[in-house]
Amino acid sequence: MQEMLRTFKGVGSGPINAEPEGEKFIDLDHMVQLFRRQVRIVLLFAGIGLLIGVTNLAFATYYFTAGTSILLDENLNRFGSEISPAPANMEADKKIMSQVAILKSSALAAKVVDNLHLYDNYAFFDPSPSMWARVKSLLKGAMDLLAGKSTQKGDFSNEDVRRGAAVAVLLDNLRVEQEPQSFVVDLFYTSTDRVLAAAIANAYAEAYLSDKFDANFDASQRATVWLRARLADLKEQSQEASLRVERFRTANNLTATKGALLSEEQLSDMSAQLIVARAQSAKALALYNQYKSIVDAGQQSAVDNAATVSNQDSPSLVTTLRERYQTIEKRAQEIEDKFGSTHPQAISLRSEQNEVGRQIYAELKQMTESYRNQYEVAQSWEASLKEGLLQVTGKTSEDNKLLVELKNLERNAEAISDLYKTYLARYQETAQNQSFPITEARVISAATPPTDASSPKRTWMLAGFLLLGAFFGIVVGGWREFREVTLRIGEDVSRTLGVKFLGYLPRILPADEPDGSTEQPQVIDIMRFATMAPGSQFSETLRHAKIVADTMLGFQQCKVIGIASVLPGEGKSTVAANLAALLASTRARTLLIDADLRKGSLTKLLNIPIKKSLSDVLSVQPPQYSRWRDTIIVDNQTKLEILPTEGRFQYPNTSDLISGVAMARLLDDARTTFKYVIVDLPPLAPVFDTKAFERLADGFVMVAEWGVTPRSVVKTILEAEPQIAAKTLGMILNKAELEKLYSYSAYGSSEHLIARYSSYYREHHEMEQDKLEEDKKTTFGTDR
């Protein structure tokens, strides 16, 4: 029989052949399902967060921020000093950050406190705190108390204590920032009083400008005092250095005229005269040699060269004689050409020419002597100059050695004098800048009382609390999804457990638990709901179970079907009663056996008055199984025959009773009469009864509670009991909330379309309203 079962079912060991789940990188359908399931939790926490935000705004203390802008402009003091070149970017940033540090300094804050008398403003010290500030203060106080720290505050009757506290408060609420790519520094102050915030911001700017002016004045004053003392010292040093120069010059006779020493001037003059003397001597020697050579050559040579020497120094007599000589010669040549050389006039002219030649020669001889005398005089002058130059040179060498030391003294005196002049100019500049009433900073935007609060921002706070609540909702929803290990949809049954899914049984409320709905009628007895509402989805699921049983166990004349669950309270007795009633309503003789010998849940739920039960039949010794028919109770309407049990825990060997010979013979006898035998079995996990009954059953219908039964428990039980898994016809998910199924299913699945199915069932449901009222009065007979 079991081989036949495997052939029809196509499975051999239930969950062992379960199809493994496919993995996706991002399963959009699954994400949509998660959103559908947890959107209410997310919205709930988002609403709570929004409510907290509204509450916080209702009790919040509003703060106002006033700001002023200060421009650091070095061009402002161009009237008092030279404009320095623009600094490099890094140097400019350092300078601006230095000014920011000054604005944040406690010294400047103390000036603001003193200017505004903030140490006497108790509203400035202790503004009304917000709700979160109160909570924070309480928590801090508790932590300090637990840590053993002292929480005692200073004595505010002391003005110094109040001033220090005011400075601390001022610095806590101050914010100084540099505007990007500019020399503008923004100063902001936050307070609960908008007017006070603006006043403090403006007071800060004024204090900063005043501090810079005072700092410049103090620095100039200190520099002036120092420069004055330094100038006096430098003046004395300069005078002393000048006196040392003059004393040294006088002591060493280093008198100077025209910027040079006398010995140097003499050496220079004598050197120039020696050069002139040498030139004159050379010239005189050259003229003497020239004339001497002409004279030594004779009279005719003197006459011939008279033209050459006549061009030197322009000797008037030689020139005149030379011109006369040439005139006579020309005249004599003309006479000779006309009359011959013997002509008396020619002879007279030639005689006169010779006389003129003699005179020229005599004159040249005289001039030769004159140049010889000039040469001798020049040589004598040159020699005298050489001797004097040697004497002056020796004196100049000694003076030069002294001059080196003199120049060192002069350079020292000049350096001290230049340094004195420099410091004197700086002193004059500093003295002028000391009273210069301009600083290199100015306020370009004064603070005004703000119109809107800077904190808390209503929109941002509400949005923040809303998002924070939504985030916690997502965390809680994620935790719920992480904890979601129960059976929800048919895919969980077929894919995870490898068991055929038979359908959903919606949760049915008994008469004493109405849901207030006007569409669904109140049902008095959930144990008979299938016959009272045969057109409902509840009944359709049981019909599916019947069809599956008929298909998989179709070759058997009588089908013994066990209704089992893994855990108690999953509704297996309700399923067994309704399935048996539905089978009996099809005119198929059906026997419903309450085989839970420990509790008898089915008998109790049906509220059947009994005298004898199944436990009495099976426990009699020797077993009288043939008398079991005497204990059957028949439903008059469906003709369902029920074999109840007392359900008293008085048989410790219930597994032996339910799987013993008496039970086997009872079922064999029932197979001859009934077409279906529905057996309500105890749960699998707590007791062994169902496992012992397995050999007597043709198949099992497993029942699991929707959203409650863990998948892992069912899978573990079926894997541990392969015989039961092999005979499992399918699984029904009981107590399902159909309106939530769509959130656990993918788009296009049958669960996603459950609303359309439900509308179809409702149409049949409305047609059977009158029939349900009559079914409520159905009672069971006590006879067979």
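Residues numbered from 1 in each chain as written. Predicted model: local features only at pLDDT ≥ 70, side-chain atom pairs only at ≥ 80, totals over all residues. Heavy atoms only, no water.

**Things to note about the overall build of the protein**
In step 1: Each helix and strand counted, the protein has 27 helices and 14 strands in total.
In step 2: A separation threshold of at least 6 residues defines the contact pool for the protein, and within that pool the share at least 24 residues apart is 82%.
In step 3: With an accessible surface of roughly 43,200 Å², the protein has 55% of that area assigned to carbon and sulfur atoms. (Helix = DSSP H or I, 4+ residues; strand = E, 2+ residues; numbered from the N terminus. Contact = heavy atoms within 4.5 Å. Areas by Shrake-Rupley, 256 points an atom, 1.4 Å probe, with all protein chains shown as cover.)

**What about helix 4 (residues 106–116)?**
In step 1: Among the residues of helix 4, Leu108, Ala109, Val112 and Val113 are the ones counted as buried. The buried residues of helix 4 occupy an angular sector of 145° when the element is viewed end-on, so they sit on one face. The exposed residues of helix 4 that point more than 90 degrees off its buried face are Ala107 and Asn115.
In step 2: Two residues or fewer past helix 4, His117 is found with a positive phi of approximately 55°. (Buried < 20%, exposed > 50% of the residue type's maximum accessible area, 1.4 Å probe, protein only. Arc of directions from axis to C-beta.)

**Focus: the confidence of the model for the protein**
In step 1: Summary statistics for the protein give a mean pLDDT of 76 and a share of 74% for residues scoring 70 or more.
In step 2: Across residues 1–23 the pLDDT falls below 50, and counting only partners more than four positions away or on other chains, this stretch makes 42 contacts in the model. (pLDDT = per-residue confidence, 0-100.)

**Considerations on the packing of aromatic side chains**
In step 1: Using the criterion set out here, one finds three aromatic pairs in the structure.
In step 2: Arranged with centres 5.9 Å apart and planes meeting at 70°, the rings of Phe471 and Phe472 form a pair that is edge-to-face.
In step 3: Relative accessible area serves as the criterion here: at 44%, Phe472 is assigned to the partly exposed category.
In step 4: Seen from their ring centres, Phe501 and Tyr504 are 4.8 Å apart, and the 65° between their planes marks the pair as edge-to-face. Side by side, Phe501 and Tyr504 carry an identical accessibility label, which is buried.
In step 5: When the ring centre of Trp706 is taken as origin, the NZ or CZ atom of Arg488, which lies over that ring, is 4.5 Å away.
In step 6: The ring centre of Phe674 lies 4.5 Å from the NZ or CZ of Arg589, which sits over that ring. (Phe/Tyr/Trp six-rings, centres within 6.5 Å; stacked < 30°, edge-to-face > 60°. Lys NZ or Arg CZ within 6 Å of the ring centre and 35° of its normal.)

**Some points on the environment of Thr574**
In step 1: One can find Thr574 in helix 18 (residues 572–584).
In step 2: Residue Thr574 is classed as buried on the basis of its relative accessible area of 13%.
In step 3: Along the primary structure Thr574 and Leu605 are separated by 31 residues, whereas in three dimensions their C-alpha atoms are 8.0 Å apart.
In step 4: If near-sequence neighbours (up to four positions away) are discounted, Thr574 is found in contact with Ile526, Met527 and Leu605.

**Describing the environment of Gln637**
In step 1: Tracing the backbone through its elements, the reader meets Gln637 in the loop between strand 10 (633–634) and strand 11 (641–643).
In step 2: A relative accessible area of 40% means that Gln637 is categorised as partly exposed.

**As for the pattern of salt bridges**
In step 1: Per the stated rule, a full pass over the model turns up 17 salt bridges.
In step 2: In this structure, Arg175 engages Glu177 in a salt bridge whose closest nitrogen and oxygen atoms are separated by 2.7 Å.
In step 3: The partner of Asp669 in a salt bridge is Arg629, with the nearest N and O atoms 3.1 Å apart. Of this pair, Asp669 sits in helix 22 (residues 661–671) while Arg629 sits in the loop between helix 20 (614–619) and strand 10, and the two are 40 residues apart along the sequence.
In step 4: For Asp669, a relative accessible area of 24% corresponds to the partly exposed category.
In step 5: Look at the salt bridges and you will find they share partners, linking Asp114, Asp160 and Arg163 into a network. (Salt bridge = Lys/Arg side-chain N within 4 Å of Asp/Glu carboxyl O.)

**Some thoughts on the side chain of Ser565**
In step 1: When you line up the elements, Ser565 lands in strand 8 (residues 559–565).
In step 2: When its relative accessible area of 0% is taken as the criterion, Ser565 is described as buried.
In step 3: A polar side-chain atom of Ser565 sits 3.0 Å from the main-chain carbonyl oxygen of Leu567.
In step 4: Non-local contacts of Ser565, meaning those with residues more than four positions away in its chain, are made with Glu570, Lys572, Pro682, Pro683, Leu684, Met702 and Val703. (Polar contact = N/O pair within 3.5 Å; in protein donor to acceptor, adjacent residues only side chain to side chain.)

**Details of the sheet that holds strand 6 (residues 441–445)**
In step 1: Spatial strand order, 2-3-1-6: four strands in an open sheet with antiparallel pairing. The sheet is open, and its two borders are formed by strand 2 (174–178) and strand 6, each paired with just one other strand. Adjacent strand axes in the sheet meet at a mean angle of 30° when their direction is disregarded. (Pairing = 2+ DSSP bridges. Axes fitted to C-alpha atoms, helices over the stretch in contact; angles between N-to-C directions.)

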